[in-house]
Amino acid sequence: MGTAGTQTRHNRTITIDFQDEATYIRLLHDGKAFVEFVLAFVRALGFQHTHTATCRGGRCLTRHSHYARVRLGGFTIWRLQYTRCKAVFTVLPQCVLRYRSLRPEVARDVLLATHGGLSVELCAVIGPISPMALYRLVCALGSQSLGGVSTRCGLPLPVSFLADEKHSRCLTDKAYLPTIVTGRVLWHLG
Amino acid sequence: MTESYQAFQRAALQQGPSYRVQGVLIDGFDSTTKSLRTLLPGVRLGTCLRHALVKLPKKLAAIPFPVRNALRSQFHTLLYRARQRKRLRVFALGQRLRHFADHVTRVAGTTNGERGRRWLQDKKAGWYAVFEDPWRPVTSTLLDQVHNAIEWKLFMMKAFHHPQGSQQAFLTGLAHLYNLIPYQRRAQHAGQCGREVEGGKVPTQDWFLNLQILTSGGFR
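Not measured: the values here are computed from a predicted model.

Draft legend 1. The arrangement of unusual backbone geometry in detail. All names here are of chain A. One non-glycine residue, Q19, lies in the positive phi region at around 70°. For Q19, a count of 10 C-beta atoms within 10 Å translates into the label exposed. The backbone of K86 sits at a positive phi, close to 65°, despite the residue not being glycine.

Draft legend 2. Focus on the interface of chain B and chain A. Residue-level contacts link 76 residues of chain B with 77 residues of chain A. No other element matches helix α9 (residues 167-180) of chain B, which puts 13 residues into the side of chain B that touches chain A. In the side of chain B that touches chain A, the residues fall into 40 nonpolar, 27 polar and nine charged. Alignment of strand β5 (residues 160-164) of chain A against strand β1 (residues 23-26) of chain B, held across three bridges, turns out to be parallel. Across the sheet, residue F161 of chain A finds its bridge partner in β1 of chain B, namely V24 of chain B.

Draft legend 3. Quick look at the sheet that holds strand β8 (residues 179-182) of chain A. Here five strands make up an open sheet; going across it, the order is β9(A)-β8(A)-β5(A)-β1(B)-β2(B) and the pairing mixed. If you trace the sheet from one side to the other, it starts and ends with β9 (185-189) of chain A together with β2 (44-47) of chain B, each paired once. Averaged over all neighbouring strand pairs, the angle between strand axes comes to 30°, with direction disregarded. Sheet strands touched by helix α7 (residues 110-132) of chain B: β1 and β2 of chain B. Its angle to β2 of chain B, the strand with the most contacts, is close to 100°.

Draft legend 4. Quick peek at the environment of L39 of chain B. Residues and elements named next belong to chain B. Within the secondary structure, L39 is located in helix α2 (residues 30-39). For the pair L39 and Q9, spaced 30 residues apart in sequence, the C-alpha to C-alpha distance is 8.8 Å. When residues no more than four places from it in sequence are discounted, the contact partners of L39 are T2, Y5, Q6 and Q9.

Draft legend 5. Looking closely at the nonpolar core. Counting residues in each nonpolar core, the largest one holds 72 residues, and the members touching the most others are L134, V138, A163, V181, L186 and W187 of chain A together with L174 of chain B. Of the residues forming this core, the biggest block, eight residues, is contributed by α9 of chain B. For V138 of chain A, the contacting residues outside a window of four places in its chain are F170, G173 and L174 of chain B. The next biggest cluster of nonpolar side chains, apart from the first, holds 17 residues, and it includes I14, I16, F34 and V91 of chain A.

Draft legend 6. Examining α7 of chain B more closely. All names here are of chain B. Its 23 residues place the ends of α7 32 Å apart at the C-alpha level, agreeing with the 33 Å of an ideal helix rising 1.5 Å per residue. Along its length, α7 reaches its greatest deviation from straightness, about 45°, at K123. Of all the positions in α7, only N112, G116, L120, G126, W127, V130 and F131 are classed as buried.

Draft legend 7. Representation of the domain arrangement of chain A in the model. Splitting chain A by domain gives domain 1 (13-93), domain 2 (101-143) and domain 3 (145-190). On a C-alpha basis, the centroid separation for the pair domain 1 of chain A and domain 3 of chain A is 32 Å.

Draft legend 8. Here's a closer look at helix α5 (residues 131-141) of chain A. Listed as buried for α5 of chain A are L134, Y135, L137, V138, C139 and L141 of chain A. Buried residues belonging to α5 of chain A abut α3 (104-116) and α4 (120-126) of chain A together with α9 and α11 (207-214) of chain B.

Draft legend 9. Representation of the environment of V43 of chain B. Residue and element names in this part refer to chain B. Looking at the secondary structure, you find V43 in the loop between α2 and β2. Taking the C-beta count within 10 Å as the criterion, V43 has 15 such neighbours and is therefore assigned partly exposed. Once the C-alpha coordinates of V43 and G23 are considered, the two residues, 20 residues apart in sequence, prove to be 5.8 Å apart. The contacts of V43, once residues within four sequence positions are left out, are V21, Q22, G23 and V24.

Draft legend 10. Region of the structure containing the packing of helix α6 (residues 93-108) of chain B against α7 of chain B. All names here are of chain B. Where α6 meets α7, the closest approach of the two axes is 9 Å, and the angle between their N-to-C directions is 160°. The angle between α6 and α7 falls in the class roughly antiparallel. As for how α6 packs across α7, the hand of that crossing is right-handed. Contacts between α6 and α7 involve L93, G94, L97, A101, V104, T105 and A108 from the former and T110, N112, G113, G116, R117, L120, K124, Y128 and F131 from the latter.

Parameters and conventions
Residues numbered from 1 in each chain as written. Chains lettered and ligands numbered in written order. Predicted model: local features only at pLDDT ≥ 70, side-chain atom pairs only at ≥ 80, totals over all residues. Buried ≥ 20, exposed ≤ 12 C-beta atoms within 10 Å, placed from the backbone. Contact = placed C-beta atoms within 7 Å. Helix = DSSP H or I, 4+ residues; strand = E, 2+ residues; numbered from the N terminus. Nonpolar A, V, L, I, M, F, W, Y, C, P; charged D, E, K, R; others polar. Pairing = 2+ DSSP bridges. Axes fitted to C-alpha atoms, helices over the stretch in contact; angles between N-to-C directions. Core = buried A, V, L, I, M, F, W, Y, C linked by C-beta atoms within 7 Å. Expected span 1.5 Å × (residues − 1). Bend = angle between axes of the 7 residues up to and from the residue. Domains from an automatic or database assignment. Parallel < 35°, antiparallel > 145°, perpendicular 65-115°, else oblique. Left-handed = near helix turned anticlockwise from the far one by under 90°.

Printed below as a string of structure tokens:
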């Protein structure tokens, strides 16, 4: 253990808050409204999509393809594509977790319980989730860098920070945790 | 250790190519100092004042507890007064430290005095760095809180064996939870996550939706 997970290609999944599942299903039948909703949501967030490296950006989106998620009982997922750079995005509604059939409400409860100090085994008791599924869920969150997520929240890179290390154990292995912190924000761990 | 800090620096340079660190606060441990000096040459390394207060009594051997405690208390006052002053030259920190070392020699004996003098001499530069920059944190309390929180989560995972798992991904996932889950219910920062407290803006009021949006990967 101790090896970082290899990322085969850039993850261009975007989570969009459609408020509820009914709105999402209604919008699926109207391509133009769907694209406009996605663009409006992204604009409201103030974020930019991850285009291809050579693309200067732009907002010409079109529907690319769709597929039915078998694990979610045939739930339809759409992909959108930029007409200029051909970058394709998978649009996930807030009620779907990437590659998981787990319901977001369950994930929310067990993650909060884990964060609050409940053991993984006990989290599996309070929610219909196995310890391994919870472990994989936390690992999936960890595929995005801490610095990237913090700058997306509008935080400037830390000019001055606290740095220290700690010897610990992660699962059955020894872990050495070099840590960088500014105030309440963790910028680097491990 | 250097590689790990280097990974942070690489990631930061990807976010902002002109990124430069101006100051770092450490606990004063030799390996940390060496590692950060190698990685960030020219950056002033401050030393945590709380660690200094904890460390001082350990430098004073074979003296009664009340004497040791009194010396610690005097050293605490010295550091506290230094923090009150706007300029170090007005306070004359170096002179105060020398006088304190003389006082230790008088009260706790020559051996303790010499040991204390050497220690003060070694750590002085780090304290100067802390006092000279008012924007720099003076203690590493918040970092210790992070370590305690993560330590507890890792302790809970002890019985959970997963040989093919990625330790780094798991730790980063826990760190995302630490940054995005609100940590106070009633106090000054009630309902806010760490990033909001530090002046960041999160997409929505719902921490789990924020987690989904921010870690989805398609945004920059």
